[in-house]
Amino acid sequence: MNKVIIALLLLLLPCLTVAKEQQPNILFVLADDFRWDSFAHLSDFGLKTPNLDKLAKKSVRFTKSYNTTAICLGSRAVYVSGLNEFSTGTNFAHGNMDYALWKKSYPAQLKKNGYYTGFVGKFGFHVNDPSGKKGTVATIRDDFDYWGAWLGQGNYKIALNPEAEAWFKYFGGKKEHATHAIGLMSEDFIEKAVKSDKPFNLSVSFKAPHGPYAVDPRYKEVYQGQKFAKPENFGPDLNSPKQALSGRPTYLGRKWLSDYDKQMYGYHSMIYGLDQALGRILATLEAQGVSDNTVIIFAADNGHLNGSKGMSGKLYAYEEGTRSPTMIYDPRRKSNQTFETTDVLSGSIDIAPTILDLAAIALPEKMHGKSILPILTTEKAKQTGTMLHKSLLLMQVWGKGSAQSLAVVTPTHKYIHWFYGAQEFERTEELFDLSKDSNESTSLTKHIEAAPVLKSMRKQYDEHMAIWAQDGVNDRGYPKYLNLANRHMPFEENSQADIDNMYKGNGFVRDAKGKKIKKNKKKNKTNNVSDSKAKHESTI
């Protein structure tokens, strides 16, 4: 009997060897604050993105790809885990990622399964050590063969990011713009990975174009003096709910309304630097002879409003703030199309399972995301007839309590629940038909003909809340939202403690006109992360 088993294993061994050889390299490029239409080929803004356009030309772009949490720290935790924020427990003023969850992340799983792994740029969050204390780079360092990243927001002067080990080890810690340095470290990683004779995974996590707009001197002339076209919905939206007007996107939007061209100059100069770094990375893949077996995924941790609805930044569930410019290039997939798109609903929760699926690694038992690969199996990317998700939950439970919201998006509609109902605010709902109103200018909540859709969207919202109740962490300030955002429970029935403990940023909320209406300097003792982050909200 043993001889038979041995013979069978010997017969299978060549097949297993071939399978290993066919494992693709995986390059995951993540931008920060990158509005979905910030490509030359997609807009009339007068942009220059030659390398991003080159990649898009041969990729499949996901036109309905959403960040389920649209702020950098929380979003990046979603990307590595494939879980919604209520299960990662990771965001500003909430908490760090648990060590056990991190070990199920795509970088840790790839390393465990034989990949040569690297991370360069803005990692963006902390992982607690096994004892539950806030971790350092050392907590996760063993999961990477190459580390050139930093855990926090970081600085555009790369030499001021001491956690970026590779920069100091291989480049002497010299002065350089962080975006350019990320490109150089990526090239260095690829060269070392090829020599390792293993399949590799490199996560390239740009800080750009996140503010402040520290333009690389190399590119300061690219957009000098340029007048930029404005988006169709530029300027204040008089129909915006009071809750939306009370938050950061509204008051950050003022500088975009007062000097649009200056803001666009800085924003897109930063993107141009990213584009140039990407171009060098793509060229290195070619030069090292691995481009034909390297799958490239490009996405962003959130969008950016850029004056749409009179707002700036992200956070909100509106299209410009939450959509991702996600595109995937798999050189092994044959297609005669260029600039191919799919309108299948997908999100940031789908990237981790997709990466693991590419590497033929079994997915952890619990992931809210799904592999996107089935959408790409044919010569023509599948469309909405193929259902990856019926709907996605879009979370915003950070920042001013009055401006927090939960939303549900489907392939055709979006429902936003502004659940804060204290002080002068009343709970508000918005419903948009995205197929007819992509600028989200007309809410249909009071339109009789939209009543069946509203009923359906509310039902799906309740279903997502039920999943939260089942899968959510039981600490870090998340459980209270099961009541705070419960459609069936009047807001005033929530305890005053829970309402007060909705994170207030720098100690106040604003009314519909942006005026401070409540001062509270007390720290939120329910969080396991210091509220000192509130001191530098403008850098988030």
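A few points on the structure.

Calculation notes
- The written sequence of each chain sets the order in which its residues are numbered from 1.
- For this predicted model, a pLDDT threshold of at least 70 governs which residues receive local features, and a threshold of 80 or more governs which side-chain atom pairs are given and counted, while totals over whole chains, interfaces and linings are taken from all residues.
- Water and hydrogen atoms play no part in the side-chain values, which are based on all heavy atoms of the structure.
- Going along the chain from the N terminus, every DSSP run of H or I of four or more residues is numbered as a helix, and every run of E of two or more is numbered as a strand.
- Categorising residues by exposure relies on relative accessible area from a 1.4 Å probe, with only protein chains included: less than 20% of the type maximum marks a residue as buried, more than 50% marks it as exposed, and the intermediate range marks it as partly exposed.
- In these tables, accessible area is a Shrake-Rupley quantity obtained with a 1.4 Å probe, and a residue counts as shielded only by the protein chains included in the view.
- What counts as an axis is a line fitted to C-alpha atoms, over the stretch in contact for a helix, and the angles between N-to-C directions run from 0 to 180 degrees.
- Orientation labels follow simple angle bins: below 35 degrees gives roughly parallel, above 145 gives roughly antiparallel, 65 to 115 gives roughly perpendicular, and whatever is left gives oblique.
- Contacts: residue pairs with any heavy atoms within 4.5 Å of one another.
- We treat two strands as partners when DSSP finds at least two bridges between them.
- By nonpolar core is meant a set of buried Ala, Val, Leu, Ile, Met, Phe, Trp, Tyr and Cys residues that side-chain atoms within 4.5 Å join together.
- Helix span, expected: 1.5 Å multiplied by one less than the number of residues in the helix.
- It is the directions from the helix axis to the C-beta atoms whose arc is reported.
- Gly counts as polar in this scheme, as do all residues outside two lists: the nonpolar Ala, Val, Leu, Ile, Met, Phe, Trp, Tyr, Cys and Pro, and the charged Asp, Glu, Lys and Arg.
- We define a salt bridge as a side-chain nitrogen of Lys or Arg found within 4 Å of a carboxyl oxygen belonging to Asp or Glu.

Right, let's get into the overall build of the chain. Summing up its helical and strand segments, the chain has 17 helices and 16 strands in all. Every one of the 540 residues in the chain was classed for burial, and the buried ones make up 60%. A total accessible area of about 21,800 Å² is found for the chain, and carbon and sulfur atoms account for 53% of it.

So, about unusual backbone geometry. Along the chain, alanine 208 connects to proline 209 via a cis peptide bond; the corresponding omega equals 0 degrees. In the segment running from glycine 211 into proline 212, the intervening peptide bond is cis, with an omega of 0 degrees. Mapped onto the elements, proline 212 comes out in the loop between strand S6 (200-205) and helix H10 (242-245). One non-glycine residue with positive phi stands out, namely asparagine 306, at about 50 degrees.

This paragraph deals with the packing of helix H2 (residues 50-57) against helix H12 (residues 260-287). Between two packed helices, both the angle of their axes relative to each other and the distance between the axes serve to describe the pair. With their axes 7 Å apart at the nearest point, H2 and H12 run at an angle of 55 degrees to one another. Judged by the inter-axis angle, H2 sits oblique to H12. Where H2 approaches H12, its residues Pro50, Asn51, Leu52 and Leu55 are matched on the opposing element by Ile271, Tyr272, Leu274, Asp275, Gln276, Leu278, Gly279 and Leu282.

Here we take up the pairing of strand S4 (residues 116-122). The side chains of a regular strand alternate between both faces of the sheet. Within S4, 7 of the 7 residues are buried, which leaves it mostly tucked inside the rest of the structure. With 6 bridges joining them, S4 and S6 adopt parallel strand pairing. Its bridge partner lying in S6, glycine 121 is registered against serine 205. In this sheet, strand S5 (residues 146-150) lies alongside S4 in parallel orientation, the contact comprising 5 bridges. Bridging from a neighbouring strand, phenylalanine 119 pairs with tryptophan 147 of S5.

All right, on to the nonpolar core then. If you look at the biggest cluster of nonpolar residues, it comprises 73 residues, and the most contacted ones within it are Phe28, Trp102, Phe123 and Trp147. Counting residues per element, this core draws most heavily on helix H3 (residues 72-81), at 6 residues. Once residues lying within four places of it in the same chain are set aside, the contact partners of phenylalanine 28 are Tyr79, Tyr106, Leu202, Ser203, Val204, Ile297, Ala299, Ile351 and Ile355. Judged by nonpolar contacts, the second largest core, of 54 residues, contains Val29, Met270, Ile271 and Ala277.

Below, the discussion takes up helix H15 (residues 451-471). Over its 21 residues, H15 runs 30 Å from end to end, which matches the ideal 30 Å to within 8%, given 1.5 Å per residue. Listed as buried for H15 are Leu454, Met457, Gln460, Tyr461, His464, Met465, Trp468 and Asp471. One face of H15 carries all of its buried residues, which in axial projection span an arc of 145 degrees. Away from its buried face by more than 90 degrees, H15 exposes Pro452, Lys455, Lys459, Ala469 and Gln470.

For the rest of this paragraph, the subject is the packing of helix H9 (residues 178-196) against H12. Close contact between H9 and H12 brings their axes to 9 Å; oriented N to C, the two are set at 10 degrees. Overall, the two elements H9 and H12 adopt an arrangement that is roughly parallel. Between H9 and H12, the residues in contact are Thr179, His180, Gly183, Ser186, Glu187 and Ile190 and Gly273, Leu274, Ala277, Arg280, Ile281, Thr284 and Leu285, respectively. Split by residue class, the contact of H9 with H12 holds 5 nonpolar, 6 polar and 2 charged.

Along the chain, serine 186 falls in helix H9. Classification of serine 186 as buried rests on a relative accessible area of 0%. Setting aside residues up to four positions removed in sequence, serine 186 forms contacts with Val120, Leu202, Val204 and Ile281.

Between side chains of opposite charge, a pair can form when the charged atoms approach closely. One pass over the structure, following the stated rule, counts 24 salt bridges. In this structure, aspartate 143 engages lysine 103 in a salt bridge whose closest nitrogen and oxygen atoms are separated by 2.9 Å. A residue pair is termed long-range when its members are at least 10 positions apart, and aspartate 143 in the loop between helix H7 (137-140) and S5 and lysine 103 in the loop between helix H5 (99-102) and helix H6 (106-112) qualify at 40 residues. One salt bridge in this structure joins glutamate 165 and arginine 141, with 2.9 Å as the shortest N-O distance.

The next thing to look at is the sheet that holds strand S12 (residues 405-409). Spatially, the 4 strands line up as an open sheet ordered S11-S12-S13-S14, and their pairing is antiparallel. What marks the edges here is a single partner per strand, and that holds for strand S11 (392-396) and strand S14 (428-433). Across this sheet, the average inter-strand angle for adjacent strands is 15 degrees, counted without regard to direction. Here 5 bridges tie S11 to S12, and the two strands are oriented antiparallel to one another. Looking at the pairing, methionine 395 lines up with leucine 406 of S12. Contacting S11, S12, strand S13 (413-418) and S14, H15 runs over the sheet at an angle of about 65 degrees to S13.

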